[in-house]
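Given next are the chains, with one letter for each unit.
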Amino acid sequence: MLSRAFAEDASPEVLRQAYERWGGLVYALACRAMPAHDAEDVVQQTFVSVWRSRQSYDPASGPLGAWIVTIARRRIADHWKARSASELAVDPETLAGALDRGEGDPVLDAVQDSLTVQEELEHIGEPQRTIVRLAVLEDRSTAWIADSLAMPVGTVKSHLSRALRRLRDRWEETHAASA
Amino acid sequence: MQHLPDETLAALALGEAADGAPHLDDCPACRSEVDSLRSTADRFRLADLPALPPPAGVWDRIAAEIATDLPADAEAPATAGASAVPPALPFTPSSGAARGLEEGAEVTSIDVARRRRRRFSAGALIAACAASAAVAASAAVVVVTQLTGEPRSIGVSEATLDPLGELGPSVTPARAEVVEQDGQRLLVVDVDALPEVDGYLDVWLLDADAQQMVSLGVMDRETTQLALPADLDLAAYPIVDVSVEPYDGDPTHSGNSVWRGALGG
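Residues numbered from 1 in each chain as written. Chains lettered and ligands numbered in written order. Predicted model: local features only at pLDDT ≥ 70, side-chain atom pairs only at ≥ 80, totals over all residues.

### Regarding the overall build of chain B
Right, so step 1: When helices and strands are tallied, chain B shows 7 helices and 8 strands.
Right, so step 2: The 265 residues of chain B split such that 33% are buried.
Right, so step 3: Contacts in chain B between residues far apart in sequence, at least 24 positions, make up 60% of those at least 6 positions apart. (Helix = DSSP H or I, 4+ residues; strand = E, 2+ residues; numbered from the N terminus. Buried ≥ 20, exposed ≤ 12 C-beta atoms within 10 Å, placed from the backbone. Contact = placed C-beta atoms within 7 Å.)

And the structure:
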């Protein structure tokens, strides 16, 4: 719904709704990569970028949440690039390359994984998202999930199987790209 | 040898479907698939993180920054960073922001706040009216104070916010105060402890009938300062309200308030 509203007529109000829906996610991701104060700046830069590049958003290529997380990924990389130039005296391009490939700093590795998970969760949509969260993160049995979502156990199992494989494939792709 | 179905392998990886387990002893291929899915699940657990509401004020800075784009839209917008996304194309006439420009409206972050004024849904409205009647009946409101210790702040008015709603019994009364600091009016909301909520806390100003409202921003700490729009008439919006808002993308008031009280002075 929000994806279509954003693509068709991106008003500041729609941006505000997107911020309310995904701002907390972007902030949490950024906080994993840097101090909270810098993370606030990344949230701001992300949503300003979302606004300024709104014409390039294509709902056919994926939901708005996944697109926002992708932009957040770039703004987090920008932050580290700027930091490396000013403080670390490391070739910024080298570090940016490492960031794109998700290697090097263990903190950044964790951020990359979080970004990937959130991007994929936004992509897979419901009910797979809820099912995989309940099963993996809350350790609920398939019987419990089937019961609470009023869904056949077999359906829950096949959603779960597809969601897990999809996540694994995505990680393997990222890994292959960096090799 | 026949391999196990995908669904069974995934279930085994998550510690279920014991009836498929014996097969794993004899089948390296299925065993390796289960191991691989198990480490995917482990990695997923490590990578998960709950959303964290950004501090109040972040949205205002975003709104202010995009507002500065609007009049200067003919120029190429400056985007930060080498990997910046492509610059925005000019507004189309169908865009809401462009309509605002045509009418000569001053487009600022406050404009965004104005768009958020909404009516309650019928059920919430009844609850809100009952609550504001209760506030009117209570005489325990409002003394004008001078803030001590902050020389540049001048107390304008304040309110005691009474707990209400389902979280009401678990929280103590809160205080809200309007102060002026460097020519900017701020609403300072003070609570003894933030309640654990499913979503986030949003601070609103309501009119006396609780029909019109302005969202001021997120309350994420025990003392939260929120900027008041310069032209906002506090006499028209005298009631401070703190609500629990779920992350549902709906910008309107949830109807689920935790505190409410009337400003005076």
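Next, the rest of the story.
### A few points about the overall build of chain A
Right, so step 1: Helix and strand counts for chain A come out as 9 helices and 0 strands.
Right, so step 2: For chain A, the succession of helices and strands along the chain, N to C, is α-α-α-α-α-α-α-α-α.
Right, so step 3: In chain A, which comprises 179 residues, the share counted as buried stands at 46%.
Right, so step 4: When contacts within chain A are restricted to residue pairs at least 6 apart in sequence, long-range pairs at least 24 apart make up 63% of them.

### Some details on helix H1 (residues 6-13) of chain B
Residues and elements named next belong to chain B.
Right, so step 1: H1 sits mainly inside the fold: 7 of its 8 residues count as buried.
Right, so step 2: By the burial criterion, the buried members of H1 are Glu7, Thr8, Leu9, Ala10, Ala11, Leu12 and Ala13.
Right, so step 3: Once H1 ends, the next one or two residues include Gly15, with phi positive near 85°.

### So, the confidence of the model for chain B
All names here are of chain B.
Right, so step 1: For chain B, the mean per-residue pLDDT works out to 70, and 66% of the residues sit at or above 70.
Right, so step 2: Confidence over residues 72-153 falls short of pLDDT 50; this stretch has 128 contacts with residues more than four positions distant or in other chains.
Right, so step 3: Taken over the whole predicted complex, pTM reads 0.47, whereas the ipTM for its chain interfaces reads 0.74. (pLDDT = per-residue confidence, 0-100.)

### A closer look at the interface of chain B and chain A
Right, so step 1: Facing the 51 residues of chain B at the interface are 50 residues of chain A.
Right, so step 2: Looking at the side of chain B that touches chain A, the elements with two or more residues in it are H1, helix H3 (28-47), helix H4 (58-69), helix H5 (96-102) and helix H6 (109-115) of chain B.
Right, so step 3: Ranked by the residues each element gives to the side of chain B that touches chain A, the list is headed by H3 of chain B, at 9 residues.
Right, so step 4: Looking at the side of chain B that touches chain A, its residues break down into 32 nonpolar, 9 polar and 10 charged. (Nonpolar A, V, L, I, M, F, W, Y, C, P; charged D, E, K, R; others polar.)

### Focus on the pairing of strand E5 (residues 213-219) of chain B
All names here are of chain B.
Right, so step 1: With respect to burial, E5 is a largely interior element, 7 of its 7 residues being buried.
Right, so step 2: Here strand E4 (residues 200-206) pairs with E5 via 6 bridges, running antiparallel. Among the inter-strand pairings, Leu206 is bridged to a residue of E5, identified as Met213.
Right, so step 3: Connecting E4 to the antiparallel partner E5 that follows it, the hairpin turn spans 6 residues, and Ala210 within it adopts a positive phi of roughly 55°. (Pairing = 2+ DSSP bridges.)

### Describing the environment of Asp209 of chain B
All names here are of chain B.
Right, so step 1: By the element assignment, Asp209 lies in the loop between E4 and E5.
Right, so step 2: We classify Asp209 as exposed; it has 12 C-beta atoms within 10 Å.
Right, so step 3: Sequence separation of Asp209 and Ile239 is 30 residues, and the distance between their C-alpha atoms is 9.3 Å.

### Comments concerning unusual backbone geometry
Residues and elements named next belong to chain A.
Right, so step 1: That bond from Glu126 to Pro127 is cis: its omega, 5°, falls within 30 degrees of zero.
Right, so step 2: Within the element layout of this structure, Pro127 appears in the loop between helix H6 (106-124) and helix H7 (128-137).
Right, so step 3: Phi at Asp139 is positive, roughly 55°, even though this residue is not glycine.
Right, so step 4: With respect to the secondary-structure elements, Asp139 resides in the loop between H7 and helix H8 (142-148).
Right, so step 5: In this structure, Ala150 is a non-glycine residue whose phi angle is positive, near 50°.
Right, so step 6: Mapping Ala150 onto the fold places it in the loop between H8 and helix H9 (153-178).
Right, so step 7: Judged by the 6 C-beta atoms lying within 10 Å of it, Ala150 falls in the exposed class.

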